[in-house]
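Letter by letter, the chains look like this.
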Amino acid sequence: MSRFAILLGGDVVRTPRLDAILAGTRVIAADSGMRHAAPLGIAPELWVGDFDSVSQSEIARHGAVAREVFPPDKDQTDGELAIDAALARGASGLVLVGAFGGPRADHAFLHMSVAIRLAERGVATMLSSGVEEGHPLLAGTEAGYDYAPGTLFSILAFSALSGLSVKGAKWPLDNVEIAFGSSLTLSNEVAGPLHLSLETGRAVLLAHPQPKKAG
């Protein structure tokens, strides 16, 4: 299995958990996502985008990294271009780093949508900022997650959901129907081994694996 990390433009906090996730991955940076490489201690093999969000001094500083330059007027985001480059290199798994936060809420929404689309194509995909993690949930999902008790999480529905079960949570659910736009699956907490199953629909599990602060 060839796993790639895609460095995106959102916020990133380096944590031991993120270091472990990135261990052994190949790395491609998308435009301003290159700024995360040095703080994370990783070296991209490719840098793609229209480079409208980086300075000439930044480009010169990373002159040893191969670049693919695209025009600003294009039909894909820089992140999508980086993902395509990883898939062309045989990626079977992706970590979208910096997929949340930053100045563009529309990009965060897009990254979660892209993760769902990739998962539907059979490409194992997760999203991370170091303090938040996202996992696509598809029809037929039966999965466990290694989050410690006390971890906060939400299930963000991208459609109506049916047959959703949540075990190992402070507020478990058993084979429920969730209307699109419902807040029922927001702000839950891990209470034991977390296991999710879903019969139909699309969603993203959004977890906060950093320890919850006391008080």
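Look up: the structure comes first, before these words.
If you're wondering where the values come from, they're calculated on a predicted model, not measured in any experiment.

Thresholds, definitions, all that
Residues numbered from 1 in each chain as written. Predicted model: local features only at pLDDT ≥ 70, side-chain atom pairs only at ≥ 80, totals over all residues. Heavy atoms only, no water. Helix = DSSP H or I, 4+ residues; strand = E, 2+ residues; numbered from the N terminus. Expected span 1.5 Å × (residues − 1). Buried < 20%, exposed > 50% of the residue type's maximum accessible area, 1.4 Å probe, protein only. Contact = heavy atoms within 4.5 Å. Salt bridge = Lys/Arg side-chain N within 4 Å of Asp/Glu carboxyl O. Axes fitted to C-alpha atoms, helices over the stretch in contact; angles between N-to-C directions. Parallel < 35°, antiparallel > 145°, perpendicular 65-115°, else oblique. Left-handed = near helix turned anticlockwise from the far one by under 90°. Nonpolar A, V, L, I, M, F, W, Y, C, P; charged D, E, K, R; others polar. 1 Å grid on protein atoms, 1.4 Å probe; cavity = no way out; pocket = protein on both sides within 12 Å on 5 of 7 lines; lining within 4 Å. Points joined across faces, edges and corners; volume = space filled by probe spheres on them.

A. Layout of helix α5 (residues 105-120). Taking 1.5 Å per residue as the helical rise, α5 with its 16 residues ought to reach 22 Å, and the 23 Å between its terminal C-alpha atoms agrees with that figure. Taken together, the buried positions of α5 are A108, H111, M112, V114, A115, I116, L118 and A119. Close packing links the buried residues of α5 with α4 (78-88), β5 (93-97), β6 (124-128), β7 (133-137), β9 (152-157) and β13 (203-208). Positive backbone phi, approximately 90°, marks G122, located one or two places after α5.

B. Examining the pattern of salt bridges more closely. All chains considered together, the criterion is met by nine salt bridges. One salt bridge connects R26 with E45, and the closest N-O pair in it is separated by 2.8 Å. Residue R26 is located in strand β2 (residues 26-30), and its partner E45 is located in the loop between α2 (37-40) and β3 (46-49); the two are separated by 19 residues in the primary sequence. With a relative accessible area of 32%, E45 lands in the partly exposed category. Across the salt bridge formed by E68 and R89, the nearest N and O atoms sit 3.7 Å from each other. Taken together, the residues E68 in strand β4 (residues 66-69) and R89 in the loop between α4 and β5 connect sequence positions 21 residues apart. The partly exposed category is assigned to E68, whose relative accessible area is 30%.

C. Quick look at unusual backbone geometry. Despite not being glycine, N175 shows a phi value in the positive range, around 55°. The residue S187 is not glycine, and still its phi comes out positive at about 60°. Checked against the element boundaries, S187 lands in the loop between β11 (173-178) and β12 (188-197).

D. Inspection of the packing of α4 against α5 at higher detail. In contact at an axis separation of 12 Å, α4 and α5 are set at 25° when each is read in the N-to-C sense. Regarding the angle of α4 to α5, the classification is roughly parallel. Crossing geometry of α4 relative to α5 is assigned as right-handed. Between α4 and α5, the residues in contact are E80, I83 and L87 and L110, V114, R117 and L118, respectively. For the contact of α4 with α5, the residue count by class is five nonpolar, no polar and two charged.

E. Molecular detail of the layout of surface pockets. Roughly 410 Å³ of internal volume is contained in the largest pocket. In terms of lining residues, the largest pocket is bounded by 25 residues, among which G9, S32, D78, R104 and H107 are the most central. Of all the secondary structure elements, the ones that give two or more residues to the lining of the largest pocket are α4 and α5. The element best represented in the lining of the largest pocket is α5, accounting for four residues. Residue composition of the lining of the largest pocket, by class: seven nonpolar, 11 polar and seven charged.

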